[in-house]
Each structure stands twice: as C-alpha cells, then as structure tokens.
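# Understanding the architecture of this molecule
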Amino acid sequence: MNIHEYQAKALLKGFGMPVLDGRVVRSPDEALVAARTIGGPIVVVKAQIHAGGRGAGHFADDPGGKGGVRLARTPDDAQQAAVAMLDSTLITRQTGPAGRVVRRLYIEAGCEIARELYLSLLVDRATGRIVIVASQDGGMAIEDVAAATPERILKEAIDPATGLSDYQARNLAARLDLHGRSIRAFTTVLRAAYEAFVSLDAAIVEINPLVVTGSGDLVALDAKMSFDDNALFRHPELEELRDENEEDPREREAARHGLAYVGLDGTIGCMVNGAGLAMATMDIIKMEGEEPANFLDVGGGASRERVAAAFRIVLSDQKVRGILVNIFGGIMRCDIIAEAIVAASRETGLRVPLVVRLAGTNVERGEEILSRSGLKIIPASDLGDAARKIVAAVRAEGVA
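Residues numbered from 1 in each chain as written. Predicted model: local features only at pLDDT ≥ 70, side-chain atom pairs only at ≥ 80, totals over all residues. Heavy atoms only, no water.

### Points about the UniProt feature "binding site: ATP" (unreviewed entry) in the protein chain
- As recorded in UniProt, the feature "binding site: ATP" (unreviewed entry) lies at Lys46, Gly53, Arg54, Gly55, Glu108, Cys111 and Glu116.
- For Gly55, the contacting residues outside a window of four places in its chain are Gly67, Gly68 and Val69.
- Relative to the helices and strands, Glu108 is located in strand β7 (residues 105–109).
- Not counting residues up to four positions away in its chain, the partners in contact with Glu108 are Glu5, Lys9, Leu20, Asp21, Gly22, Ile38, Val43, Val44, Lys46 and Leu221.
- Side-chain polar atoms of Glu108 contact the side chain of Lys9, separated by 2.5 Å. (UniProt positions renumbered as here; feature names shortened; annotations may be inferred. Contact = heavy atoms within 4.5 Å. Helix = DSSP H or I, 4+ residues; strand = E, 2+ residues; numbered from the N terminus. Polar contact = N/O pair within 3.5 Å; in protein donor to acceptor, adjacent residues only side chain to side chain.)

Below, the structure is given as structure tokens:
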C-alpha cells in the first residue's frame, strides 16, 4: 500500500525525522490560508499523487507548462497554483500517459538548499536483510543514477540481529562527504527512517531529496513510503491512510473479494488458482507470442461467488481480447469452477474467446458442465494446449 508525501512525512516525523512545516489542502482557498499561516518568503505547492517525477511532469491540459511542484512567493501565488493544479491530470514518467488526477496539494515552507542527497531503505530479497541505499546525487531518479554512474550508489546492509548501528550511519555519512554537524544530523535521519521502516512493516522508505541546508542541518524535502499489504492487519492506523482514488479500481474490487489481482498491459486475461500456476500461465502466454493482461489468483478454496467476481474483473479491462482459465482442482472442485464460469459468462454477455483448462477434483463433471452450457467455451487438455488455443483464437478475432 502506498501513501502520499504529506502522510509519509507525518509518520516519519513521529520517529524523529526533520521535516518542514506544511499543510495539506483540497481547494484554492485552503491553499491561500495555508500559505499565509506558514509564512516566510517562499512556499512550495506540491501535487499529491502516488507517483514520482511530479516536478518534471506536465498537466494534460498544458503539455508545455509547469509541473506538479511549484514555487509561490506570495499567498496569492499559492492560490493561483492551486487553481491550475487541482482537479487536473498530472502526467509523469511513473503515471504513464493516462496520468493521475490531482485532488489534494501539500503547501510546504521553503528552505535553503546547499546539497541534495538520496536515501532509502528497502528489503534485499537475495540476502533477507534491510539495505540502505544512498547517493550524493539526490533530486534525481535513482534508476538514472544507477544506469549512468553505478559507482555513486552506496549500499549498506543491516544485520537483523543487531539492527542499525551508529557506526554504520557515521561511515555512510563520511562516504556521502558529510562533515561536522551534518554527520550527527545524518545519523538522526537514518535512525528515524530505520525505526519507521521496522515498526510500520514498510516495504520502502525513500527520502529524495534529503537536503543539506546552509547551516549543515538535514531535512527530508520529499518522502515516499510503501507498506507490506500482508502486515496491514497489525496497523489499522495505516489502513486509514489509503487513498482509493489512487488505486486501480479493478485491484480495489479484487481486494474486496479476497482476490490477488495485478493489472498488466497485455490482451489475454488470466484466471488461475495459485500464484505459481498463475506465473506459469503468464509465462507460457508470452512464449506463444502474446502478452497477459493481468495476474489473477483466485486462491485454493475460492467460492463460486469469488470466481464469478474474478471473471467480471478480468472482463472489465477493455484491453482484454481473450480469456484463459487455468484451474487445478485440489481443494477447489472443478465443477464449482465450471458453474461459476458459465454463470459469469451469461451474466456479462461474453464477447471474447474463452479457453478453459481444468484438472483435478471432479474434472469430468466440470468439463460436462462447460460442454452442456451452450456457450462458445474452448476446452484445453493441458497448459500448453490452452495457451496455443487462446493465442490462436485472439489472433483469429483480430484478423476477422
């Protein structure tokens, strides 16, 4: 689960992270009041969407104009920036061409910037440890830095038995060319990020840029946090930070039915039970020369209602030109799956090719239900056969 910048800063501040004064607003009038309250010679108006690259992005109705991060020297400037940004679609390298609608802004105090650093914590799955990633090239996409100058990416693994040590923080600060009070400030920042990461079951904590001020202090000028969905039951306070407007409606609907769904860019919809089988199904579709439209795992003991909901979610994707159902009936019975497929096909008025491969418990009964349905369902004997048939059917539809 992702959250907005202002939410991440509020959480990190609770662990001792230095952040600037700021206010979240949802209207131009609120932006005017917030800018007046914060005061100072300058404030920054930031679009709040779940995507990076906001400052370098552009709005759909003004391709050559300003991005989603703007300086305002007066409260009136902040209000005018809010007028231009709110309810407009911001397009960045991370949103794709569809962009995201800006529904809230963060008005934040300005600060003197001497240097910009990069800092993040994430889990290295190869070692099973939390890893600190840092660079002197803050304010840039870390992927670009890694591609152009990989030697400028610093990494430090944290031993789970001992946790973060002050020695590690000081050593990393020295490698970032920090001196004096900046070293002590960096230790405070890193400690706050680590404590937040562990305490909140985060998947990533990213500060970019981490600013060194003229006085040598450090400030988190931007912040991103993402959390492990499987741990949210331990953090009901984090669930309250969810912004459903920033989520794919299909993924939101899938979560409501207890389904694991991720939308992709292909044209063949997949409905499978079991994560490993789902990955294998996606792989074999690619091997046959087409692309999967989604990852969808209905689970090992899904009900008829859940399967029907999964079918509707797959069909809600306008890019889907065919559907492959691949079910191994272990705990789940193939006849239950077949009944759900028939019911969902009739309910949705299926207009794309459908290939179904069933194996396991009550498979003969399931195949009989499908064959007697009167629907144009293409049976398959195994996974390879299923992939070849759905690809051929989709291509035939395209030619027609």
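Now that the structure has been shown, we can carry on.
### Quick notes on helix α12 (residues 363–371)
- Val363, Gly366, Ile369 and Leu370 are the residues of α12 that are buried. Down the axis of α12, the sector holding all buried residues measures 120°, keeping them to one side. In this structure, α12 carries Glu364 and Ser371 as exposed residues pointing more than 90 degrees from its buried face.
- The inward-facing, buried residues of α12 abut α11 (334–348), β18 (354–360) and β19 (377–380). (Buried < 20%, exposed > 50% of the residue type's maximum accessible area, 1.4 Å probe, protein only. Arc of directions from axis to C-beta.)

### Let's talk about the pairing of strand β15 (residues 268–272)
- Judged by how many residues are buried, β15 sits mostly within the fold: five of five residues are covered.
- A two-sided burial pattern is seen for β15, the buried positions comprising Ile268, Cys270 and Val272 on one face and Gly269 and Met271 on the other.
- As defined by bridge partners, β15 adjoins strand β17 (residues 322–329) across five bridges and the pair is classed as parallel. Residue Gly269 lies in a different strand from β17, and its bridge partner there is Ile323. (Pairing = 2+ DSSP bridges.)

### Brief notes about the environment of Val83
- Looking at the element boundaries, Val83 is found in helix α3 (residues 75–85).
- Considering only alpha carbons, one finds Val83 and Asp29, 54 residues apart in sequence, at a separation of 9.2 Å.

### Observations concerning the UniProt feature "binding site: substrate" (unreviewed entry) in the protein chain
- The UniProt entry lists Asn273, Gly330, Ile331 and Met332 under the feature "binding site: substrate" (unreviewed entry), expressed in the numbering used here. Judged by maximum C-alpha separation, these annotated positions cover 60 residues in sequence but sit close together in space, the widest gap being only 10.2 Å.
- Relative to the assigned elements, Asn273 resides in the loop between β15 and α9 (275–287).
- Since its relative accessible area comes to 9%, Asn273 is described here as buried.
- The contact partners of Asn273, leaving out residues within four places of it in the chain, are Asp297, Val298, Gly299, Asn326, Ile327, Phe328 and Met332.
- For Asn273, the side chain forms a polar contact with the main-chain oxygen of Phe328, separated by 2.7 Å.
- Mapped onto the fold, Gly330 is located in the loop between β17 and α11.

### Section: the domain arrangement of the protein chain
- By domain assignment, the protein chain separates into domain 1 (21–109), domain 2 (113–240) and domain 3 (249–395).
- Once you take the C-alpha centre of each, domain 1 and domain 2 turn out to be 25 Å apart.
- Listed as interface residues are four residues of domain 1 and, on the opposing side, four residues of domain 2.
- Carbon and sulfur atoms make up 15% of the area that domain 1 and domain 2 hide from each other, which totals about 310 Å².
- On inspection of domain 1 and its partner domain 2, the count reaches two salt bridges.
- Of the charged contacts, one joins Asp144 and Arg93 as a salt bridge, the two residues approaching to 2.9 Å between their closest N and O atoms.
- Our enumeration of links across domain 1 and domain 2 arrives at three residue pairs in polar contact (both at pLDDT 80 or more). (Domains from an automatic or database assignment. Buried area = accessible area lost by both parts, 1.4 Å probe. Salt bridge = Lys/Arg side-chain N within 4 Å of Asp/Glu carboxyl O.)

### Examining the sheet that holds strand β6 (residues 100–101)
- Pairing is antiparallel across the open sheet formed by three strands, whose spatial order is β3-β5-β6. At either end of the open sheet lies a strand with only one pairing partner, and these are β3 (58–59) and β6.
- Note that strand β5 (residues 89–91) and β6 share two bridges and pair antiparallel. What sits directly across from Leu90, in β6, is Arg100.

### Considerations on the nonpolar core
- Of all hydrophobic cores here, the largest spans 42 residues; its most connected members are Leu119, Leu121, Phe186, Leu190, Met225 and Phe227.
- Among all residues touching Phe227, those that are not within four sequence positions of it are Met1, Ile3, Leu11, Leu200, Asp201, Ala202, Ala203, Leu232 and Leu238.
- Core analysis: the second largest hydrophobic core is formed by 32 residues, Leu259, Ile313, Ala338 and Val363 among them. (Core = buried A, V, L, I, M, F, W, Y, C linked by side-chain atoms within 4.5 Å.)

### Digging into unusual backbone geometry
- At the junction of Asn208 and Pro209, the peptide bond is cis and its omega measures out at 10° in the coordinates.
- Backbone geometry at Asp87 places phi at a positive 65°, although glycine is not the residue there.
- For Asp87, the location among the structural elements is in the loop between α3 and β5.
- By relative accessible area, Asp87 is classed as exposed at 64%.
- Its identity is not glycine, yet Asn362 carries a phi of approximately 60°, on the positive side.
- Topologically, Asn362 is positioned in the loop between β18 and α12.

### Some thoughts on the pattern of salt bridges
- Under the defined criterion, the tally for this structure stands at 28 salt bridges.
- Close ionic contact of Arg152 with Asp137 constitutes a salt bridge, the shortest N to O distance being 2.5 Å. With Arg152 in the loop between α4 (142–148) and β10 (153–158) and Asp137 in the loop between β9 (129–135) and α4, the pair connects residues that are 15 residues apart, well separated along the chain.
- Since its relative accessible area comes to 35%, Arg152 is described here as partly exposed.
- Counted as one network, the salt bridges with shared partners bring together Glu5, Lys9, Lys46, Arg54, Glu108 and Asp222.

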